[in-house]
Amino acid sequence: MANLSLRSVEKVYGNSFKAVHGIDLEVKDGEFMVLVGPSGCAKSTTLRMIAGLETITGGEIRIGDKVVNNLVPGDRGIAMVFQNYALYPHMKVKNNLSFGLRIKRTPKDEIARGVENVSGILEIEELLERLPKQLSGGQAQRVAVGRALIKQPEVFLFDEPLSNLDAKLRASMRVRITDLHKQLKQASTSSTVVYVTHDQTEAMTMGDRICVMKDGHIMQVADPVTLYNRPENEFVAGFIGSPEMNLIPVALQRNGAPALTIGSQTVTFGNQLASRLSASTGDDLTMGVRPQHMQMVPPETDNAFSGTISHVEFMGHEVNLYVDIEGHKFTVVIPGDHYNPSMLADGAIRLAPRESQLHLFDPKTSQNISLA
Amino acid sequence: MGGEKQWVGLAYVAPYVIGLLVFTAIPFGASFYLSFTDYPLLSAPIWVGLQNYIELIFHDRTFHRALQVTMTYVFITVPLKLTFALAIAYVLNYKLKFIGFFRTAYYVPSILGGSVAIAVLWRYIFADIGLVNMIITGLGFEAINFFGDPRYALFTITLLRVWQFGSAMVIFLAALQSIPAHVYEAAAIDGANKAQTFFFITLPLITPVIFFNLILQMVEAFQEFNGPFIITDGTGAPLRSTYLVPLYIYDKAFRQFDMGYASAIAWILFAIIMVLTLIAFWSSRHWVYYAGDKRS
Amino acid sequence: MTTTLSPDAAAALEEANAHNARTRRNQKISAVIRYVILAIVGFIMLYPLIWLVGASFKTNAEIFASPGFIPQSPTTEGYERGWDTSTRWNFGHFFLNTLWILIPKTIGTAISATLVAYGFARFDFPGKKILFVTVIATLLLPNVVTRIPQYLLFRDLGWLDTYLPLWVPSALAGDAFFVFMLIQFLRAIPRDMEEAARVDGANTIQTLIFIVIPLLAPAIISVCLFQFMWTMNDFLGPLIYISSVEKYPVSLALRLSLDVTEAFQWNQVLAMSALTLAPSLIVFFVAQRYFIEGISTGGVKG
């Protein structure tokens with residue numbers, strides 16, 4: 001049993017730069033938690049504080065039911081996989097795997113069993129006698145995972161472990177790590193994972209839950225589906241999803257059916273939107289619509305925005321249209337078979353945001369006011 | 001650079017090739033030849049076969065004493081100097097302010113150490129009434145006759161060399177700094193304490209540099225001349241307790257002009273250095289980690 | 001985003017914060033201990049030099065009166081008398097002599113070592129491997145073996161009691177350490193710029209002068225500085241080759257003054273010792289970066 005909890009954890013550096021602003025996070029036993037955010041959001045710092053590689057300047061970190069603030073990394077019951085693997089360059093693979101156990105004076109036969117077991121799982125048996133410099137990136141990666149696995153830690157920490165691999169290998173390692181986590185969970189061994197990445201694809205595909213961070217604050221913690229469909233604020237809305245969500249200033253009329261105005265164009269919506277609106281500081285809001293949720297409608301359709309296509313990216317199964325509506329740039333994704341080059345003749349297009357997938361943010365607080 | 005005619009490269013290294021032949025290769029061979037001759041400089045060398053070596057190995061008491069002193073000197077100086085250099089480099093290898101200042105301060109003796117002025121200074125420091133004895137007597141102890149007592153005389157010239165640990169330290173420091181932080185972090189995660197990290201991670205990773213320093217310092221120490229020569233006026237006093245082999249070679253060659261015999265001494269010294277270097281190289285594959293080529 | 005904490009958790013939090021404060025204090029203490037060690041060892045190491053400078057301004061009577069370095073009644077007598085020496089020449093003359101060795105030796109070393117390193121690092125030629133092995137071998141070859149035949153060679157060339165034996169070998173890239181150091185530096189410099197220059201029509205000499213040397217300048221400066229120090233410190237070379245007092249470099253002159261005056265004129269000897277160390281010290285402090293870089297590169301990558 002090892003849940004991980006962070007309470008009011010702070011990190012202030014010597015130069016009084018506050019990197020982490022009192023964050024609270026609960027990771028359940030067996031959960032695969034992904035920390036994601038742009039560079040500089042302190043996700044790695046947070047992970048390193050959990051590991052004990054960075055001191056925390058305030059707050060408390062618990063693993064299971066013990067407070068680990070006071071403990072050196074080796075006593076925290078964690079294992080970590082580093083971005084650049086951090087294999088010991090002078091040790092053969094088998095010694096890299098067993099170093100942690102040897103330090104703890106684990107009996108020899110137990111170490112041997114551990115090495116055999118782990119190298120079997122990760123298919124690195126034939127690499128055991130090699131030095132790290134004789135390994136390819138993918139092999140080194142597996143050894144690094146093995147080094148974590150062999151210690152049977154309560155919590156696994158991954159610090160952008162796939163970012164040094166090429167795209168193909170990254171995809172297969174993604175699957176491998178998720179499978180490994182499932183296996184561990186089924187074997188009901190310790191399997192709590194905290195996984196740091198800047199790549200939202202990794203975050204969305206691997207995480208049971210995802211913690212989105214920005215500038216040392218947690219912006220939202222939720223499972224992938226919730227995160228995608230119900231972003232709590234503008235940042236999460238913009239960060240998750242590709243291409244990025246369109247975030248455009250609009251004026252909201254609340255009297256009767258809600259209506260949104262961009263420049264001189266107004267589109268009216270129905271009950272679905274009306275029912276989920278909550279209070280805001282004003283009526284000048286930010287509309288958030290994902291490019292996939294801007295629907296192209298026939299030219300004669302009422303109640304839609306009209307704009308001009310400025311640029312097209314044809315990618316086969318889908319097409320990105322860059323559209324100008326009253327001076328605001330929209331990205332629109334349409335299925336490839338809806339695309340017809342003749343659309344470009346005059347460039348005119350009419351677009352209707354899908355009501356159920358439309359978000360409104362209060363520009364003052366950046367909070368989503370359409371989640372009620 | 002591709003496509004060049006081969007003589008272009010040769011033209012650039014020509015000065016070296018000439019220098020190598022004239023000032024190193026030919027003298028090297030000549031020295032070997034001379035070591036089998038009797039050559040009092042004024043007349044032509046006369047071939048005497050192994051006579052010089054037989055004399056040196058079986059009869060020359062002065063040589064035996066000099067060799068014994070030299071060995072003692074090298075085997076005390078080199079490990080002491082390297083240990084000091086590594087220890088200070090280790091202390092310096094932290095994110096401390098003024099690292100640059102301390103590194104500079106520790107490096108100064110290496111810059112000046114080989115000079116006559118420092119050897120002169122050493123005489124004054126360890127003189128009967130010198131700096132060290134002033135401090136010793138000031139603390140209420142009895143003054144030590146450093147240059148009069150064979151037990152201490154070698155110690156003073158040993159100290160002179162150990163004092164110059166700065167250059168080895170700078171090399172160690174650069175090596176320590178080149179160990180990536182994440183390797184230490186991985187060790188911390190694996191539960192290694194400070195001592196374990198030092199002995200299992202740090203030390204193995206800098207073995208190439210330890211090896212390099214070891215060879216360099218050993219070769220240098222075997223050839224030490226300035227310090228003892230100036231401190232003892234070339235006598236190696238007291239009782240030849242600081243009379244290193246290079247001093248003996250100098251006396252034989254340039255005071256007594258016994259060039260053949262001096263060459264033979266040089267060759268014995270060379271052979272000893274060679275054997276120790278080869279032992280070091282041979283043993284290195286058991287203890288030196290080579291970061292070199294990818295894939296074996 | 002702070003949640004309200006239960007009293008129990010609040011207590012734990014307080015305890016944790018206290019622990020954090022302790023950790024920070026311990027880190028500070030550890031830093032202080034390091035500084036103390038470094039400062040004490042550093043002071044012991046440098047005290048002889050400090051004492052030397054202080055003592056050189058003391059009167060003879062005072063030098064061996066106390067271990068302190070501050071002169072009670074400062075005097076420049078040691079410098080004035082020491083400068084005159086017991087010979088017909090003053091110390092200025094001997095400094096000039098050293099300069100006449102330094103200049104050709106340093107320039108010769110810089111030029112020859114650069115050419116040779118360039119040849120090794122950038123060209124292929126027959127016998128390159130063997131020649132490079134000789135560089136390493138010479139690096140480790142004890143000079144003691146070649147000294148006697150070299151002396152005989154210079155005697156036959158009629159070079160005894162001239163400065164030629166002291167600098168000509170260096171001007172023919174004889175100091176393997178420098179060649180090796182420059183090769184290491186050159187290997188770390190990408191060839192793109194040189195290749196671009198070659199494409200632009202420069203020949204190898206133009207490439208060397210306009211591209212390689214500017215890039216290599218810091219390393220060449222370290223070579224010059226090391227050669228400067230070594231030459232200032234060199235004693236055995238002049239001792240063997242220079243016999244007339246008129247041609248003595250400072251190292252021999254200092255030893256001469258030791259023989260003549262030491263028995264009673266301590267402050268003169270100390271003053272002249274301090275003086276002979278001054279050029280090296282000044283050069284070192286002005287250009288220490290180059291020393292550290294030079295030795296780190298030559299050493300670690302070796």
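Source: prediction; values computed, not measured.

Reading the values: the criteria
The numbers attached to residues start from 1 for each chain and follow its sequence in the written order. Ligands are numbered from 1 and chains lettered from A, in the order in which they are written. Totals for whole chains, interfaces and linings use all residues, but because this is a predicted model, local features are given only for residues with pLDDT of at least 70 and pairs of side-chain atoms are given and counted only at 80 or more. In DSSP terms, a helix is any run of H or I states spanning at least four residues, a strand is any run of E spanning at least two, and both are numbered starting from the N terminus. In this scheme the burial state of a residue depends on its C-beta neighbours within 10 Å: 20 or more other such atoms mean buried, 12 or fewer mean exposed, and anything in between means partly exposed; the C-beta positions come from the backbone. Start and end points for every domain follow an automatic or database-based domain assignment. UniProt positions are given in the numbering used here, feature names are shortened, and annotations may be inferred rather than shown by experiment. Residues of type Ala, Val, Leu, Ile, Met, Phe, Trp, Tyr and Cys that are buried and joined through C-beta atoms within 7 Å form what is called a nonpolar core. Our contact criterion uses C-beta atoms placed from the backbone: two residues qualify when those atoms are within 7 Å. What makes two strands pair is DSSP finding at least two bridges between them. Per-residue confidence from the predictor is reported as pLDDT, which spans 0 to 100. Gly falls in the polar group here, along with every residue not listed as nonpolar (Ala, Val, Leu, Ile, Met, Phe, Trp, Tyr, Cys, Pro) or charged (Asp, Glu, Lys, Arg). Multiply 1.5 Å by the residue count of a helix minus one, and that product is the helix's expected span. Between the N-to-C directions of two axes lies an angle of 0 to 180 degrees, each axis being a line fitted to C-alpha atoms and, for a helix, fitted only over the stretch in contact. The handedness criterion is simple: a crossing whose near helix is rotated anticlockwise from the far helix by less than a right angle is left-handed, and one whose near helix is rotated clockwise is right-handed.

### What about the overall build of chain B?
Part 1 of the reasoning: For chain B, the helix and strand inventory stands at 14 helices and two strands.
Part 2 of the reasoning: Across the 296 residues in chain B, those meeting the buried criterion constitute 48%.

### So, unusual backbone geometry
Part 1 of the reasoning: The step from S242 of chain A to P243 of chain A runs through a cis peptide bond, and the omega angle for that step is -10 degrees.
Part 2 of the reasoning: You can see P243 of chain A is positioned in the loop between α8 (234-239) and β11 (246-253).
Part 3 of the reasoning: In this chain, A237 of chain B is followed by P238 of chain B through a cis amide linkage whose omega measures -10 degrees.
Part 4 of the reasoning: Residue S366 of chain A is not a glycine yet carries a positive backbone phi of 65 degrees.
Part 5 of the reasoning: With respect to the helices, strands and loops of the structure, S366 of chain A is situated in the segment after β20 (359-361).
Part 6 of the reasoning: You will see that L239 of chain B, though not glycine, has its phi angle at about 50 degrees, which is positive.

### Let's talk about the domain arrangement of chain A
Part 1 of the reasoning: Under the domain assignment, chain A is made up of domain 1 (4-229) and domain 2 (248-361).
Part 2 of the reasoning: The C-alpha-based centres of domain 1 of chain A and domain 2 of chain A are spaced at 41 Å.

### Overview of the environment of I136 of chain C
Part 1 of the reasoning: Within the fold, I136 of chain C resides in helix α5 (residues 128-140).
Part 2 of the reasoning: The spacing of I136 of chain C and A176 of chain C is 40 residues in sequence and 7.3 Å in space, taken between C-alpha atoms.

### A word on the UniProt feature "domain: ABC transmembrane type-1" (unreviewed entry) in chain B
Part 1 of the reasoning: Per the UniProt annotation, the sites labelled "domain: ABC transmembrane type-1" (unreviewed entry) are residues 67-280 of chain B.
Part 2 of the reasoning: Summarising residues 67-280 of chain B: 74% helix, 0% strand, and an end-to-end C-alpha distance of 20 Å.

### A short note on the UniProt feature "domain: ABC transporter" (unreviewed entry) in chain A
Part 1 of the reasoning: The positions that UniProt labels "domain: ABC transporter" (unreviewed entry) are, in the present scheme, residues 4-240 of chain A.
Part 2 of the reasoning: Each end of residues 4-240 of chain A is marked by a C-alpha atom, and these two atoms are 25 Å apart; helix forms 36% of the span and strand 25%.

### Brief notes about the nonpolar core
Part 1 of the reasoning: Core analysis: the largest hydrophobic core is formed by 266 residues, its most contacted members being L157 and V194 of chain A, F172 and I265 of chain B together with V179 and L182 of chain C.
Part 2 of the reasoning: It is helix α3 (residues 61-92) of chain B that provides the largest number of residues to this core, a total of 13 residues.
Part 3 of the reasoning: Look past the residues within four positions of L182 of chain C in its chain and what remains in contact with it is A113, T114, A117, L216, A219 and V223 of chain C.

### So, the pairing of strand β3 (residues 32-36) of chain A
All names here are of chain A.
Part 1 of the reasoning: With five of its five residues buried, β3 lies for the most part within the structure.
Part 2 of the reasoning: Alternating positions in β3 separate into two faces, F32, V34 and V36 on one and M33 and L35 on the other, with burial throughout.
Part 3 of the reasoning: With five bridges joining them, β3 and strand β8 (residues 192-197) adopt parallel strand pairing. Residue pairing in the sheet places M33 in a bridge with V194 of β8.

### Some words on the UniProt feature "transmembrane region" (unreviewed entry) in chain B
All names here are of chain B.
Part 1 of the reasoning: Taking the UniProt record as the reference, the feature "transmembrane region" (unreviewed entry) is found at residues 7-33, 70-92, 104-122, 129-147, 153-176, 197-219 and 261-282.
Part 2 of the reasoning: Here residues 129-147 is 42% helix and 0% strand, with 11 Å between the C-alpha atoms at its ends.
Part 3 of the reasoning: A helix fraction of 96% and a strand fraction of 0% characterise residues 197-219, whose end C-alpha atoms lie 31 Å from each other.

### Here's the deal with the pairing of strand β18 (residues 328-335) of chain A
Part 1 of the reasoning: By the bridge criterion, eight bridges tie strand β17 (residues 318-325) of chain A to β18 of chain A in an arrangement that is antiparallel. If you follow Y322 of chain A over to β18 of chain A, its bridge partner there is T331 of chain A.

### Some words on the confidence of the model for chain A
A low pLDDT score tells you not to read the predicted coordinates there in detail.
Part 1 of the reasoning: The predicted model of chain A has a mean per-residue pLDDT of 92, with 100% of residues at 70 or higher.
Part 2 of the reasoning: Per-residue pLDDT, averaged within each element of chain A, yields its smallest value for strand β5 (residues 66-67) of chain A (88) and its largest for β3 of chain A (97).

### So, the sheet that holds strand β1 (residues 4-12) of chain A
Hydrogen bonds between backbone atoms are what pair the strands of a sheet, whose relative direction is either parallel or antiparallel.
Residue and element names in this part refer to chain A.
Part 1 of the reasoning: Spatially, the four strands line up as an open sheet ordered β2-β1-β4-β5, and their pairing is antiparallel. In this open sheet, the two strands that pair with only one neighbour each are β2 (18-27) and β5.
Part 2 of the reasoning: Pairing of β1 with β2, which is carried by six bridges, proceeds in the antiparallel orientation. Looking across to β2, one finds that L6 is bridged to L25.

### Section: the confidence of the model for chain B
Part 1 of the reasoning: Confidence along chain B averages 90 in pLDDT terms, with 97% of residues attaining 70 or more.
Part 2 of the reasoning: For this predicted complex, the interface confidence comes out at an ipTM of 0.89, alongside a pTM of 0.87.

### Focus: the interface of chain C and chain B
Part 1 of the reasoning: Taken residue by residue, the interface counts 72 residues in chain C and 76 residues in chain B.
Part 2 of the reasoning: Take the side of chain C that touches chain B: its biggest share by element is 13 residues, from helix α13 (residues 266-300) of chain C.
Part 3 of the reasoning: Class assignment of the residues belonging to the side of chain C that touches chain B gives a composition of 45 nonpolar, 20 polar and seven charged.

### So, helix α5 (residues 167-186) of chain A
Each full turn of the α-helix corresponds to 3.6 residues, which orients residues three or four apart in the same direction.
Part 1 of the reasoning: When the terminal C-alpha atoms of α5 of chain A are compared, their 29 Å separation across 20 residues agrees well with the 28 Å that a helix rising 1.5 Å per residue should span.
Part 2 of the reasoning: Phi for S188 of chain A, located one or two positions after α5 of chain A, is positive at around 45 degrees.

### Remarks on the packing of α3 of chain B against helix α11 (residues 207-222) of chain B
All names here are of chain B.
Part 1 of the reasoning: At a minimum axis separation of 9 Å, α3 and α11 run at an interaxial angle of 145 degrees. Considering the relative orientation of α3 and α11, their crossing is right-handed. Contacts between α3 and α11 involve T70, Y73, V74, T77, V78, K81 and L82 from the former and N213, L214, Q217, M218, A221 and F222 from the latter.
Part 2 of the reasoning: Class assignment of the residues belonging to the contact of α3 with α11 gives a composition of eight nonpolar, four polar and one charged.

### A closer look at the environment of S112 of chain C
Part 1 of the reasoning: Residue placement: S112 of chain C occurs in helix α4 (residues 91-122).
Part 2 of the reasoning: Residue classification places S112 of chain C among the buried positions, given that 24 C-beta atoms sit within 10 Å.
Part 3 of the reasoning: Taking the C-alpha atoms as reference points, S112 of chain C and F178 of chain C, 66 residues apart in sequence, are found 9.8 Å from one another.
Part 4 of the reasoning: Sequence-distant contacts of S112 of chain C, that is, excluding residues within four places in its chain, are made with P15 of chain B together with A171, L172 and A173 of chain C.

### Focus on the sheet that holds strand β14 (residues 284-289) of chain A
All names here are of chain A.
Part 1 of the reasoning: One open sheet accounts for five strands, arranged β13-β12-β11-β14-β20; its pairing is antiparallel. Each edge of the open sheet is held by one strand with a lone partner, namely β13 (265-268) and β20. The average angle at which neighbouring strand axes cross in this sheet is 40 degrees, direction not considered.

### Structural notes on helix α6 (residues 147-157) of chain C
Part 1 of the reasoning: Among the residues of α6 of chain C, R147, I148, P149, Q150, Y151 and F154 of chain C are the ones counted as buried.
Part 2 of the reasoning: Check the buried side of α6 of chain C and you find it contacts α1 (6-34), α13 (245-255) and α14 (259-287) of chain B together with α7 (164-171) and α11 (236-241) of chain C.
Part 3 of the reasoning: Count one or two residues on from α6 of chain C and you reach G158 of chain C, which has phi positive near 75 degrees.

### Examining the environment of F126 of chain B
All names here are of chain B.
Part 1 of the reasoning: Mapped onto the elements of the fold, F126 is located in the loop between α5 (116-125) and α6 (131-138).
Part 2 of the reasoning: Remark: the alpha-carbon pair of F126 and F146, spanning 20 residues in sequence, is separated by 6.0 Å.
Part 3 of the reasoning: Ignoring sequence-local partners within four residues, the contact set of F126 consists of V132, F146, F147 and T156.

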